[in-house]
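# Structure assessment
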Amino acid sequence: SQLFIKDLHFDGVPMRIYLPREPSASKRRGVVFIHGGCGIFGSIRSYERICRYIARKSDSVVVSVGYHLAPEYRYPAQTLECLSATVHFLKTADTYGVDPARIIVCGDSVGGTFATSVCQELGQRTDIPKIRAQVLIYPFLQALNFNLPSHQKNAAVAFLSRDRTVHFILKYLNKDCSLKEPILAGSHVPESINLKYRKWINPDLIPDEFKLGYKPPLPTLFLPQVHEEVQELFEPQVSPLLAEDAVVCGLPDTCIVTCEHDVLRDDGLLYKKRLEDNNVHVTWHHVQKGFH
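Residues numbered from 1 in each chain as written. Predicted model: local features only at pLDDT ≥ 70, side-chain atom pairs only at ≥ 80, totals over all residues. Heavy atoms only, no water.

In the annotation of an unreviewed UniProt entry, the entry for the protein reads ADCL4 protein, and the organism field reads Quiscalus mexicanus.

Below, the structure is given as structure tokens:
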């Protein structure tokens, strides 16, 4: 009763908009919400309650992105649809009573990945309003190292285990799932790439309180044929932590949520450090008893 809810299309992308019915003295804030589900599950409908909640509690106009799922719609269709939907909303915000200077992009899990990619892509654009902030809820941010402390600690946690994480990534990219074991071991990453990115993806960058019981993995054999099969894992659209500093320094204010019992916890911690190193304002919420 407090919201007006309508299904729309932004540039061919299914959307659902949640507008507070109460008249507002000024233009409202806007939220682009991108749902999780590994790019292969989830829908506008499955995130209906959370979007209603955000719209009511923050008195904001929320638009939920119904990007088409993989593998029927092949990567990178999902990121591109989230991008075009966000651009459309930024350009037409006035139509929905939204202040274009007060729009945030928010996502959970792979929705956080897509939100990160959208903000990285739009950071340098001058033809549209700037995104005010990004909210990343336990985002997936890198596919180089699956042996960080949080991967070890939470390898067998229910719902999103370490094995299932890589399995779902391969499903999303429409790859052979037999590649899972060598990727878990790190055999898909040549030494040159490891050296290039260890300044950003490295257990040494994780605060000590998150490394209790951590054992550095044994060196693994690089397998060129596996590397060739999974080139997409090294693209910033899949691994936003690999974006260059010139991109990262142009990002908006950021809120990152991490959970203790989550294989992806350290992705969030590493991105937090990168953003702070590039003078991006970060608010961090860590849910001590939380899980993915």
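That covers the picture; the talk isn't over yet.
## Some thoughts on the pattern of salt bridges
Scanning the model with the defined rule gives 16 salt bridges in all. A salt bridge links E48 to R16, with the shortest nitrogen-to-oxygen separation between them at 2.6 Å. Of this pair, E48 sits in helix α1 (residues 48-58) while R16 sits in strand β2 (residues 13-20), and the two are 32 residues apart along the sequence. Judged by its relative accessible area of 14%, E48 falls in the buried class. As a salt-bridge pair, K273 and D277 come within 2.8 Å of each other at their nearest N and O atoms. Of this pair, K273 and D277 are both found in helix α10 (residues 265-277), four residues apart, which corresponds to roughly one turn of the helix. Note on K273: relative accessible area 30%, which makes it partly exposed. Each of the salt bridges in this network shares a partner with another, and the network as a whole consists of D7, R16, E48 and R52. (Salt bridge = Lys/Arg side-chain N within 4 Å of Asp/Glu carboxyl O. Helix = DSSP H or I, 4+ residues; strand = E, 2+ residues; numbered from the N terminus. Buried < 20%, exposed > 50% of the residue type's maximum accessible area, 1.4 Å probe, protein only.)

## Notes on the UniProt feature "domain: Alpha/beta hydrolase fold-3" (unreviewed entry) in the protein
Mapped onto this numbering, the UniProt entry annotates "domain: Alpha/beta hydrolase fold-3" (unreviewed entry) at residues 31-183 and 232-292. From the first C-alpha to the last, residues 31-183 spans 35 Å; its make-up is 39% helix and 16% strand. The span residues 232-292 is 28% helix and 31% strand, and its two end C-alpha atoms sit 24 Å from each other. (UniProt positions renumbered as here; feature names shortened; annotations may be inferred.)

## Side note on the pairing of strand β4 (residues 61-65)
In terms of residue burial, β4 counts as a mostly covered element, since five of its five residues are buried. Burial of β4 is two-sided: the residues V61, V63 and V65 facing one way and the residues V62 and S64 facing the other way are all buried. Both β2 and β4 contribute to a ladder of four bridges, which runs antiparallel. Residue pairing for β4: Y18 is matched across the bridge by V62. (Pairing = 2+ DSSP bridges.)

## A closer look at the domain arrangement of the protein
When its domains are assigned, the protein resolves into domain 1 (3-142 + 238-291) and domain 2 (149-234). The gap between the C-alpha centroids of domain 1 and domain 2 is 25 Å. In this complex, domain 1 contributes 34 residues to the contact, which on the side of domain 2 involves 29 residues. Both sides of the domain 1 and domain 2 interface together cover about 2800 Å² of buried area, and 68% of this is carbon and sulfur. Put simply, domain 1 and domain 2 have one salt bridge between them. A salt bridge links K153 to E260, with the nearest nitrogen and oxygen atoms 3.4 Å apart. (Domains from an automatic or database assignment. Contact = heavy atoms within 4.5 Å. Buried area = accessible area lost by both parts, 1.4 Å probe.)

## Focus: the packing of helix α2 (residues 77-92) against helix α3 (residues 110-122)
Running from N to C, α2 and α3 cross one another at 60 degrees; their axes reach a closest spacing of 9 Å. As summarised for this structure, α2 and α3 are arranged oblique, according to the angle between their axes. The crossing of α2 and α3 is right-handed. In contact with Q78, T79, C82, L83, T86, V87 and L90 of α2, α3 contributes F114, S117, V118, E121 and L122. Classifying every residue of the contact of α2 with α3 by side-chain character gives seven nonpolar, four polar and one charged. (Axes fitted to C-alpha atoms, helices over the stretch in contact; angles between N-to-C directions. Parallel < 35°, antiparallel > 145°, perpendicular 65-115°, else oblique. Left-handed = near helix turned anticlockwise from the far one by under 90°. Nonpolar A, V, L, I, M, F, W, Y, C, P; charged D, E, K, R; others polar.)

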